[in-house]
Amino acid sequence: MPRIAKALLCAVWFMLLTFPVMCIQVNSIDNSVHWHFERALWLGCGVFVLALLWDWCFARKAKGQPIISFGHGLTRLAANLRGDPRCRLGGLSLLAVGMLLMPLLSSIYQTNIMIAALLYVMLALGLNIVVGLAGQLVLGYVAFYAVGAYSYGLLHQFLGWGFWTCLPVGGLLAVLFGLALGFPVLRLRGDYLAIVTLGFGEIVRLTLLNWPSLTGGPAGISNIPRPGLFGMDMDINASTIYIYYLVLAAVVLTIVVISRLKNSRVGLALQALREDEIACEAMGIDITRVKLSAFALGSCWAGFAGVIFAAKTTYINPSSFGFMESAMILSMVVLGGMGSIAGVVIAAMILILAPEYLRAFSEYRMLIFGAIMVVMMIFRPQGLVSGERRRYSITALKGTASASGQGGQA
Amino acid sequence: MDIEFFVELFFGGLTRGSIYALIALGYTLVYGIIELINFAHGEVYMLGAFTALLVAGVLGVYGFPFGGILIVATLAAIVWCAAYGFTLEKVAYKPLRGAPRLSPLISAIGMSIFLQNYVLLAQTPDFVPFPYLLPEMPFLDDLAVLSPSNFLILMVSTVAMIVLALFIRYTRMGKAMRATAQNRKMALLLGINADKIISLTFIIGSSLAALGGVLIASHMQVINYNIGFLAGMKAFTAAVLGGIGSIPGAMVGGLVLGLAESFTTGYVSGNYEDILAFAILILILILRPDGILGKAKVQKV
């Protein structure tokens, strides 16, 4: 009973709190006021339910029970995918076949949406290196994406370079920008780093906007060519499908590289940096090098994604590279689980595809992204799929059990 | 001619700077107590401007006497923003006390995005004109450089800052706030209710932001759901410039930033006004992260 009373109180409080913004609309042209009292009523009902849910979640959290349980079947499936190599192979090959056949079976529109989603997967995986593995909260990630896109656009416009030359160059330039940002911020940590990188992202965007002689200003650069394939002539459909496979290959490459990186020497150093900077330094890890490599490794994927983005849309302007993009990519990492590859891929797919297919919901997209970031931090900071760590067991060292033998040496 | 231009820029800078200082105080107060950059603070400022706009609109349509509208609208904005700040802390930050440092920061970014889109969806994505509410001030006609809104902003923000400084310095609550900022555990041992103090900090910070929101809205005469982001960033720059956690620092930082912006716009170019703030922020954080009036902190294991 006290819970219900508390929820009712919450509902009333929120109805009062949101009253002016929700219920009043002033039309300054004909000087009239529109009242929307029904909105307050809906909001009150919604808050009542949410408050009960909120309480229930806290109760569960206090007892140490998981708040989201995926159901028995799904949990077992996930465990199997993780543990059983045969099951894992089966699942992956099923996914691979599905992804390979997708553009042949569906329309160009669907393929385009999928390309966008895959680009975000790439971006989120790249940011995951910096935020998830190394624990450096970077809020200006989209700047590197912009560097990639503009390097293709500008190199094509001024020097006539093609897609395949620009792809590595874009990645390289993004790395250089990453290092240029990394050097001065080496001393900063946590929240200051977040703010400085946010400022850096804004500076890049504002420069693109205010330098019309080079970047075309707000109008941007148009007529960027799509990528070619041995000089073949392709119509727009064929070229979209071609780009789809290109992005897919890029995503697969990203996943392979990052999963190899995670348990490598550098990857372990990154994770040590995330856990405790001072302890990490005390263990003899060169913080400067590790931080810079985190920035470099993270930003190069954004550069690649940027070049592909420019080639896909054939038109770029600064408004595609605002803070909201960075925030969106960050919310994918947060939702998926920092440091978890599978989680980030799933989260990026959900966050891009769900608003596309649920049109009614697309208006509320950013609202929900914001709410997700808050709720995930409170109730499930490890994300949907928590990043697993390789475990080392004594038995493996003794050589008695060969099943976990891969962790023999660190 | 030249000196006139200079004086105009100077007062323009002071006006801007005092608004930045009002908002920066919110960042600095919160940071001083819970070491969190309240990313959603800029949004509270935006909500203040919107609440004032809506209340003023309703009062205007129903024929409330003109002189009172500004006062009632400002009071409403302050009350509602204080409530928003209070709720924000309870929902997004309180459950995360003791969590790793990145968690509340990400939660704050989420809240900022949420609030922006809440206003966007509930009100409008467009720019809305803000009604002209300022009283006539004929004695200013002789001083051609100071417009009524500039004068009002300077006056109100000076008074607000003096009141705040006195409050922090002399009242029981203010002392408790300073104690909590110095050492939260020790303050708890002395019987200070830290939760209450944190709520109070959010309420004070949000009220100041609301005041800033109303003042700037009546000066610029146009607002939209997005104004909080840039204003928040600039105010944060001001707070860092003065030394985050330091109250006089926030005031000095705000004024310095406002003047710097005003002179750059006047003598160099208006295009790079926003870049300037970000560049100052980055330089300060890299070269002197403790700001003008801050004290250097030793990192402990």
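Residues numbered from 1 in each chain as written. Chains lettered and ligands numbered in written order. Predicted model: local features only at pLDDT ≥ 70, side-chain atom pairs only at ≥ 80, totals over all residues. Heavy atoms only, no water.

Enquirer: Mind showing me how you'd approach the overall build of chain B here?
Expert: On a plain count of helices and strands, chain B comes out with eleven helices and two strands. Walking chain B from its N terminus toward its C terminus, one meets helices and strands in the order α-α-α-α-β-α-α-α-α-β-α-α-α. Overall size of chain B, expressed as C-alpha extent along the three principal axes, is 60 × 45 × 40 Å. When the 301 residues of chain B are sorted by exposure, 58% land in the buried category. A sequence separation of at least 24 residues applies to 77% of the contacts in chain B between residues at least 6 apart. Taken as a whole, chain B presents about 12,700 Å² of accessible surface, with 68% of it coming from carbon and sulfur. Charge centroids of chain B, computed over 17 positive and 15 negative side chains, lie 24 Å from each other. (Helix = DSSP H or I, 4+ residues; strand = E, 2+ residues; numbered from the N terminus. Buried < 20%, exposed > 50% of the residue type's maximum accessible area, 1.4 Å probe, protein only. Contact = heavy atoms within 4.5 Å. Areas by Shrake-Rupley, 256 points an atom, 1.4 Å probe, with all protein chains shown as cover. Lys, Arg positive; Asp, Glu negative; His and termini not counted. Charge placed at Lys NZ, Arg CZ, Asp CG, Glu CD.)

Enquirer: Got a minute to help me understand the environment of Gly267(A) in this structure?
Expert: Residues and elements named next belong to chain A. As for its position among the elements, Gly267 is in helix 12 (residues 265–275). In this structure the C-alpha to C-alpha distance between Gly267 and Leu193, which are 74 residues apart in sequence, comes to 21 Å. Contact partners of Gly267, with chain neighbours within four places excluded, come to Leu261 and Lys262.

Enquirer: Explain empty space enclosed by the protein to me, please; I cannot follow it from the model alone.
Expert: It is a probe the size of a water molecule, rolled over the atoms, that shows where empty space is left. Using the criterion set out here, one finds two cavities of 30 Å³ or more in the structure. Roughly 90 Å³ of internal volume is contained in the largest cavity. In terms of lining residues, the largest cavity is bounded by Ile195(A), Tyr27(B), Ile37(B), Phe39(B), Gly42(B), Glu43(B), Ser112(B), Gly228(B), Phe229(B), Gly232(B), Met233(B) and Phe236(B). Of all the elements in the fold, those that place two or more residues in the lining of the largest cavity are helix 2 (41–61) and helix 9 (227–242) of chain B. Each pocket or cavity is described by its volume, and for the second largest cavity that value is around 40 Å³. Elements represented by at least two residues in the lining of the second largest cavity include exactly helix 9 (190–209) and helix 15 (323–336) of chain A. Top element by residues in the lining of the second largest cavity is helix 9 of chain A. It accounts for three residues. Each residue belonging to the lining of the second largest cavity can be placed in one class, and the counts come to five nonpolar, four polar and one charged. (1 Å grid on protein atoms, 1.4 Å probe; cavity = no way out; pocket = protein on both sides within 12 Å on 5 of 7 lines; lining within 4 Å. Points joined across faces, edges and corners; volume = space filled by probe spheres on them. Nonpolar A, V, L, I, M, F, W, Y, C, P; charged D, E, K, R; others polar.)

Enquirer: What am I meant to see in the interface of chain A and chain B here?
Expert: It is common to give the size of an interface as the accessible area lost on bringing the parts into contact. Contacts between chain A and chain B engage 56 residues on the former and 58 residues on the latter. In this assembly, chain A packs against chain B so that about 5,300 Å² is buried in total across both faces, 78% of it on carbon and sulfur atoms. Per-residue buried area on chain A facing chain B is highest for Val21(A), Tyr192(A) and Ile195(A); these three make up 13% of the total on that side. At the junction of chain A with chain B, the criterion picks out ten residue pairs in polar contact (both at pLDDT 80 or more). Looking at the side of chain A that touches chain B, the elements with two or more residues in it are helix 1 (2–17), helix 2 (19–23), strand 1 (24–27), strand 2 (32–35), helix 3 (37–63), helix 9, helix 15 and helix 18 (365–379) of chain A. For the side of chain A that touches chain B, the per-class residue count stands at 40 nonpolar, ten polar and six charged. (Buried area = accessible area lost by both parts, 1.4 Å probe. Polar contact = N/O pair within 3.5 Å; in protein donor to acceptor, adjacent residues only side chain to side chain.)

Enquirer: How do you make sense of the domain arrangement of chain A when you look at a structure like this?
Expert: Domain assignment breaks chain A into domain 1 (2–62) and domain 2 (91–379). The distance between the C-alpha centroids of domain 1 of chain A and domain 2 of chain A comes to 37 Å. (Domains from an automatic or database assignment.)

Enquirer: Help me understand the packing of aromatic side chains in this model?
Expert: Each pair of aromatic rings is reported with the distance of its centres and the angle of its planes. Considering all chains together, one arrives at 26 aromatic pairs over all chains under this definition. With centroids separated by 6.4 Å and ring planes inclined at 10°, the aromatic side chains of Tyr192(A) and Tyr31(B) adopt a geometry described as stacked. Of the two residues, Tyr192(A) sits in helix 9 while Tyr31(B) sits in helix 1 (residues 2–34), which places them in two different chains. Classification of Tyr31(B) by relative accessible area gives buried; the value is 8%. Relative to Phe304(A), the ring of Trp301(A) lies with its centre 5.7 Å away and its plane at 65°, an arrangement referred to as edge-to-face. You can see Trp301(A) and its partner Phe304(A) sitting in helix 14 (residues 287–313), three residues apart, about one turn around the helix. (Phe/Tyr/Trp six-rings, centres within 6.5 Å; stacked < 30°, edge-to-face > 60°.)

Enquirer: What am I meant to see in helix 10 (residues 247–267) of chain B here?
Expert: Every α-helix carries 3.6 residues per turn, so stepping three or four residues along brings you back to the same face. Residues and elements named next belong to chain B. Helix length check: helix 10 (21 residues) gives 31 Å between terminal C-alpha atoms against 30 Å at 1.5 Å per residue, within 8%. What helix 10 keeps buried is the set Ile247, Gly249, Ala250, Met251, Gly253, Gly254, Leu257, Gly258, Leu259, Glu261, Ser262 and Thr264. Next to the buried residues of helix 10 lie helix 1, helix 5 (148–170), helix 9 and helix 11 (273–287). Sitting at the amino-terminal end of helix 10 is Ser246, which places a side-chain oxygen 2.9 Å from the backbone nitrogen of Gly249. (Expected span 1.5 Å × (residues − 1).)

Enquirer: Would you mind going over the pairing of strand 2 of chain A with me for this structure?
Expert: Where a strand is regular, its side chains alternate between the two sheet faces. Residues and elements named next belong to chain A. Looking at chain direction, strand 1 and strand 2 are connected through four bridges and run antiparallel. Within the sheet, the bridge partner assigned to Ile24 lies in strand 2 and is Trp35. Connecting strand 1 to the next strand, strand 2, in antiparallel fashion are four residues, including Asn31 with a positive phi near 55°. (Pairing = 2+ DSSP bridges.)

Enquirer: How do you make sense of the packing of helix 12 of chain A against helix 14 of chain A when you look at a structure like this?
Expert: Two quantities define a packed helix pair, namely the angle between the axes and the distance from one axis to the other. Residue and element names in this part refer to chain A. At a closest axis distance of 10 Å, the pairing of helix 12 and helix 14 adopts a crossing angle of 105°. With respect to helix 14, the element helix 12 is oriented roughly perpendicular. Residues Val266, Ala269, Leu270 and Leu273 of helix 12 lie in contact with helix 14, whose contacting residues are Ile287, Val290, Lys291, Ser293, Ala294 and Leu297. Residue composition of the contact of helix 12 with helix 14, by class: eight nonpolar, one polar and one charged. (Axes fitted to C-alpha atoms, helices over the stretch in contact; angles between N-to-C directions. Parallel < 35°, antiparallel > 145°, perpendicular 65-115°, else oblique.)

Enquirer: Would you take a moment to explain a nonpolar patch on the surface for this structure?
Expert: A surface patch of nonpolar side chains, amounting to about 510 Å² of accessible area, comprises Val97(A), Leu100(A), Leu101(A), Leu104(A) and Leu105(A). On the secondary structure map, Val97(A) appears in helix 5 (residues 85–105). (Patch = residues over 30% accessible without salt bridge, like charges linked within 9 Å, V, L, I, M, F, W, Y side chains within 5 Å. Salt bridge = Lys/Arg side-chain N within 4 Å of Asp/Glu carboxyl O.)

Enquirer: Honestly, the pattern of salt bridges in this entry has me stumped. Any pointers?
Expert: Should their charged atoms come close, side chains of opposite charge can pair. All names here are of chain B. If you walk through the whole model with that rule in mind, you get ten salt bridges over all chains. A salt bridge links Glu261 to Arg16; the nearest nitrogen and oxygen atoms lie 2.7 Å apart. Here Glu261 is found in helix 10, whereas its partner Arg16 is found in helix 1, with 245 residues between them in sequence. Between Lys234 and Glu261 there is a salt bridge; the shortest N-O distance is 3.3 Å. Here the residue Lys234 occupies a position in helix 9, and Glu261 occupies one in helix 10, the gap between them amounting to 27 residues. When sorted by exposure, Lys234 lands in the same class as Glu261, which is buried. Taken together, the shared-partner salt bridges connect Glu89, Lys90, Lys94, Arg97 and Asp195 into one network.

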